[in-house]
Amino acid sequence: DYDPATHAVRETAPVGGVQQWEVYALPAEEATANQAAARAAKWEAIMAERDRRKVLGVKVGDHWYHSDADSRIQQISLFVMGAAVPPVQWKTLTTSQPPVFVTMTQAIAAGIFQATAASDAAIFAAAEVHRVAMEAMPDPENYDCSGGWPASIEDTP
């Protein structure tokens, strides 16, 4: 079986006028380096998916809330205000129009804070599960990291 990480192909002498090719094993050092590079590249892809998912929102009650860096800063401020949270109209995260606003409360601010911490932990744990599974494969470049992530706004209809 040909594996580009551990094998190469070279031209050999024609047989009956037909060009021939030979698959051969790469030296162990080269094969090991290729597999390490494939693992590193796939880990980069897993980390990119992890980071992309961090900004796909957190769900509190019936609504999704933004989880990008700027929103997190605003939400931490609301959480720290405690009972002094002003009853401002807060725009939720939606996938369609029209925008949905809720009146911010101390309970919602605390829920967003807690949901964000839980979401980050779950996303990072999923990335680690993917890393371990990918590293156990003989062909890490073929590992599919698209499943097994916590729910996000992308999963809502």
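### Quick word on the overall build of the chain
Each helix and strand in the chain was counted, giving three helices and six strands. Secondary structure of the chain in N-to-C order comes out as β-β-α-β-β-α-β-β-α. The C-alpha radius of gyration of the chain comes to 24 Å, more than 25% above the 15 Å expected for a compact globule of 157 residues. Dimensions along the principal axes, computed over C-alpha positions, put the chain at roughly 85 × 30 × 20 Å. Looking at the chain as shown, the accessible area adds up to about 9400 Å², and 60% of this sits on carbon and sulfur atoms. Here the chain carries 11 positive and 20 negative side-chain charges, and the mean point of each set is 8 Å from the other.

### Quick notes on the pattern of salt bridges
Counted under the stated rule, the structure contains eight salt bridges. Notably, a salt bridge pairs arginine 52 with glutamate 49, separated by 2.9 Å at the nearest N-O pair. Here arginine 52 pairs with glutamate 49, and both are found in helix H1 (residues 28-54), just three residues apart, close to one helical turn. One salt bridge in this structure joins aspartate 120 and arginine 72, with 2.7 Å as the shortest N-O distance. One end of the pair, aspartate 120, is in helix H3 (residues 106-135); the other, arginine 72, is in helix H2 (residues 69-81), with 48 residues separating them in the sequence. The exposure classification of aspartate 120 matches that of arginine 72, with both residues buried. Among the charged side chains, a salt-bridge network with shared partners connects Glu49, Arg52, Arg53 and Glu154.

### A closer look at the packing of H2 against H3
Running from N to C, H2 and H3 point in directions that differ by 130 degrees, and their axes come no closer than 8 Å. In terms of orientation, H2 and H3 fall into the oblique class. The interaxial crossing formed by H2 with H3 has left-handed handedness. Judged by residue contacts, Arg72, Gln75, Ile76, Leu78 and Phe79 of H2 engage Ala109, Ala110, Ile112, Phe113, Thr116 and Asp120 from H3. Looking at the contact of H2 with H3 residue by residue, the class counts come to seven nonpolar, two polar and two charged.

### What about the nonpolar core?
Within the largest apolar cluster, 12 residues are counted, these being Val58, Val60, Tyr65, Leu78, Val85, Trp90, Val102, Met104, Ile108, Ala109, Ile112 and Ala115. Per-element tally for this core: the top contributor is H3, with four residues. In contact with valine 102, not counting residues within four places along its chain, are His63, Tyr65, Val88, Gln89, Trp90, Thr92 and Ile108. One finds Met47, Ala127, Cys145 and Trp149 within the second-largest nonpolar core, a separate group that totals 10 residues.

### Side note on a nonpolar patch on the surface
On the surface, a cluster of nonpolar side chains totalling about 430 Å² of accessible area is made up of Tyr2, Val9, Trp21 and Val23. Mapped onto the secondary structure, valine 23 falls in strand E2 (residues 18-25). The class of valine 23 is partly exposed, set by a relative accessible area of 46%.

### Description of the environment of threonine 92
With respect to the secondary-structure elements, threonine 92 resides in the loop between strand E5 (89-91) and strand E6 (101-103). The spacing of threonine 92 and proline 14 is 78 residues in sequence and 68 Å in space, taken between C-alpha atoms.

### Considering unusual backbone geometry
Cis geometry marks the peptide bond from glutamine 97 to proline 98; its omega dihedral reads 0 degrees. Tracing the backbone through its elements, the reader meets proline 98 in the loop between E5 and E6.

How each quantity is defined
Residues numbered from 1 in each chain as written. Predicted model: local features only at pLDDT ≥ 70, side-chain atom pairs only at ≥ 80, totals over all residues. Heavy atoms only, no water. Helix = DSSP H or I, 4+ residues; strand = E, 2+ residues; numbered from the N terminus. Rg over C-alpha atoms; globule rule 2.2 N^0.38 Å. Areas by Shrake-Rupley, 256 points an atom, 1.4 Å probe, with all protein chains shown as cover. Lys, Arg positive; Asp, Glu negative; His and termini not counted. Charge placed at Lys NZ, Arg CZ, Asp CG, Glu CD. Salt bridge = Lys/Arg side-chain N within 4 Å of Asp/Glu carboxyl O. Buried < 20%, exposed > 50% of the residue type's maximum accessible area, 1.4 Å probe, protein only. Axes fitted to C-alpha atoms, helices over the stretch in contact; angles between N-to-C directions. Parallel < 35°, antiparallel > 145°, perpendicular 65-115°, else oblique. Left-handed = near helix turned anticlockwise from the far one by under 90°. Contact = heavy atoms within 4.5 Å. Nonpolar A, V, L, I, M, F, W, Y, C, P; charged D, E, K, R; others polar. Core = buried A, V, L, I, M, F, W, Y, C linked by side-chain atoms within 4.5 Å. Patch = residues over 30% accessible without salt bridge, like charges linked within 9 Å, V, L, I, M, F, W, Y side chains within 5 Å.

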